[in-house]
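Breakdown of the fold
As a plain string of letters, each chain reads:
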Amino acid sequence: MDSWKSRWGVGQWAAYFENQALPVMRRSKLLMTQLESREGEMLSPRDLSEIVLQDPLLCLCLLREAERRKSHRLDHETTTALGAIMQVGVDEFRTLLHSSPEVDDNNKGLLEVEMHACFAAQIASVWAGGRMDLNPEEVAVAALLAGTGDLLLWVYAEEIPMKARDELLSGRAQRSAQAQTQSCGFTFKQLTQQCAERWKLPALLLQLLRGSESYRAQLARTSSNAARHVLEESGTSTLALATDLVDASKLIPNVSLEWLADGLVMLPEVRRAWLLEAAHKLLAAPP
């Protein structure tokens, strides 16, 4: 990264990213090639959307393209991967994916953030379905894109998130947001919001990304927290994950903690019993 970029504020970074090509995960192209080989010309938009929901940068790229192509005559916004594919067109989506640059598989920091985003989206999809949400995929997309600022910095300026990580690990900062502010002057969530606004993402997604106090925004945020705590393997993270389950249970009536735990993708079985025991104790504790 050029030294003068280290002095940029959140607005300058958002403006810079607006004109950059977004890379996609290599596996997205492999999945697309396999699907094309199996289905030929009979590609299903639903199958394609499943690829998108496993790749936050591809999802961003697709939503940006859908917004660019949107007719002013449309009376609704495109808030899901499936809707964006149908708006852009299957052939155009294939071209978009295959022509996009690929993520550097050696960028471990980016891969960690990307994995967290994918887990968060999967958890959000399950939990929103349990709440009988009219469109669980909207909540899943919000969870998938919540770390956009973090992802983009890992792609184009990895020194910044690395410095933020050092602030946190050294003890100079107690929380991630504090570490980010100390290292670059803004939080990565602020960058996510600025990018989403500059790219004119749908108003509903902007609301969810801002973290409004609607049930859906809270569920997206809780899903993101749970995904992070699933990836961390410590006693502290398990207790934090138990708190996430209790928070989710308050947002989703009439579901059990066991059902919520079933929605935690990649949770090792050895952690499940301890997690549920801790969650039940928290739920039963007096306020």
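Residues numbered from 1 in each chain as written. Predicted model: local features only at pLDDT ≥ 70, side-chain atom pairs only at ≥ 80, totals over all residues. Heavy atoms only, no water.

1. Let's talk about helix H1 (residues 10-18)
What H1 keeps buried is the set Val-10, Trp-13, Ala-14, Tyr-16 and Phe-17. Along the long axis of H1, the arc covered by the buried residues comes to 160°, so they all point the same way. (Buried < 20%, exposed > 50% of the residue type's maximum accessible area, 1.4 Å probe, protein only. Helix = DSSP H or I, 4+ residues; strand = E, 2+ residues; numbered from the N terminus. Arc of directions from axis to C-beta.)

2. A word on the side chain of Thr-187
Among the secondary structure elements, Thr-187 is positioned in the loop between helix H11 (176-184) and helix H12 (188-198). If we skip the residues at most four places from it in the chain, Thr-187 touches Ala-177, Gln-180 and Thr-181. (Contact = heavy atoms within 4.5 Å.)

3. Some words on the confidence of the model for the protein chain
Summary statistics for the protein chain give a mean pLDDT of 91 and a share of 98% for residues scoring 70 or more. Mean pLDDT values for the elements of the protein chain range from 88 in helix H13 (residues 203-210) up to 96 in helix H16 (residues 257-262). (pLDDT = per-residue confidence, 0-100.)

4. Here we look at the environment of Gln-87
Inspection of the secondary structure puts Gln-87 in helix H5 (residues 81-88). Taking relative accessible area as the criterion, Gln-87 reaches 23% and is therefore assigned partly exposed. With 125 residues separating them along the chain, Gln-87 and Ser-212 place their C-alpha atoms 28 Å apart. At 2.4 Å, the side chain of Gln-87 and the side chain of Thr-78 are in polar contact. (Polar contact = N/O pair within 3.5 Å; in protein donor to acceptor, adjacent residues only side chain to side chain.)

5. Quick notes on helix H7 (residues 108-130)
For H7, with 23 residues, the first-to-last C-alpha span of 33 Å sits near the 33 Å given by 1.5 Å per residue. Taken from the residues just after H7, Met-132 is the one with a positive phi, measuring 60°. (Expected span 1.5 Å × (residues − 1).)

6. Here's the deal with the packing of aromatic side chains
The description of an aromatic ring pair uses the distance of the two centres, along with the angle that the planes make with each other. Under the counting rule described, the total for this entry stands at 7 aromatic pairs. For the ring pair Phe-17 and Tyr-156, a centre distance of 5.7 Å and an interplane angle of 40° mean the geometry is tilted. Of the two residues, Phe-17 sits in helix H1 while Tyr-156 sits in helix H9 (residues 148-156), which places them 139 residues apart along the sequence. Exposure remark for Tyr-156: the relative accessible area of 23% places this residue in the partly exposed category. Linked through ring pairs, Trp-8, Trp-13, Tyr-16, Phe-17 and Tyr-156 together constitute an aromatic cluster. Looking at Arg-64, its charged tip hangs above the ring of Trp-199, at a distance of 4.6 Å from the centre. (Phe/Tyr/Trp six-rings, centres within 6.5 Å; stacked < 30°, edge-to-face > 60°. Lys NZ or Arg CZ within 6 Å of the ring centre and 35° of its normal.)

7. Examining the pattern of salt bridges
Taken as a whole and assessed by the stated rule, the structure comprises 17 salt bridges. A salt bridge links Lys-29 to Glu-102; the shortest N-O distance between them is 3.7 Å. Residue Lys-29 is located in helix H2 (residues 26-39), and its partner Glu-102 is located in the loop between helix H6 (90-99) and H7; the two are separated by 73 residues in the primary sequence. Its relative accessible area of 14% is what places Lys-29 among the buried residues. Of the residues examined, Glu-102 reaches a relative accessible area of 35% and is grouped as partly exposed. The network of salt bridges with shared partners includes Arg-26, Lys-29, Glu-102 and Asp-105. (Salt bridge = Lys/Arg side-chain N within 4 Å of Asp/Glu carboxyl O.)

8. Thoughts on the nonpolar core
Counting residues in each nonpolar core, the largest one holds 59 residues, and the members touching the most others are Trp-13, Phe-17, Phe-93, Leu-145, Leu-153 and Leu-191. Among the elements that take part in this core, helix H4 (residues 56-69) stands out by supplying 8 residues, more than any other. For Leu-191, the contacting residues outside a window of four places in its chain are Val-10, Trp-13, Ala-14, Phe-17, Gly-149, Leu-153 and Phe-186. By size, the runner-up hydrophobic cluster in this structure holds 32 residues, among which are Ile-123, Ala-143, Ala-220 and Leu-267. (Core = buried A, V, L, I, M, F, W, Y, C linked by side-chain atoms within 4.5 Å.)

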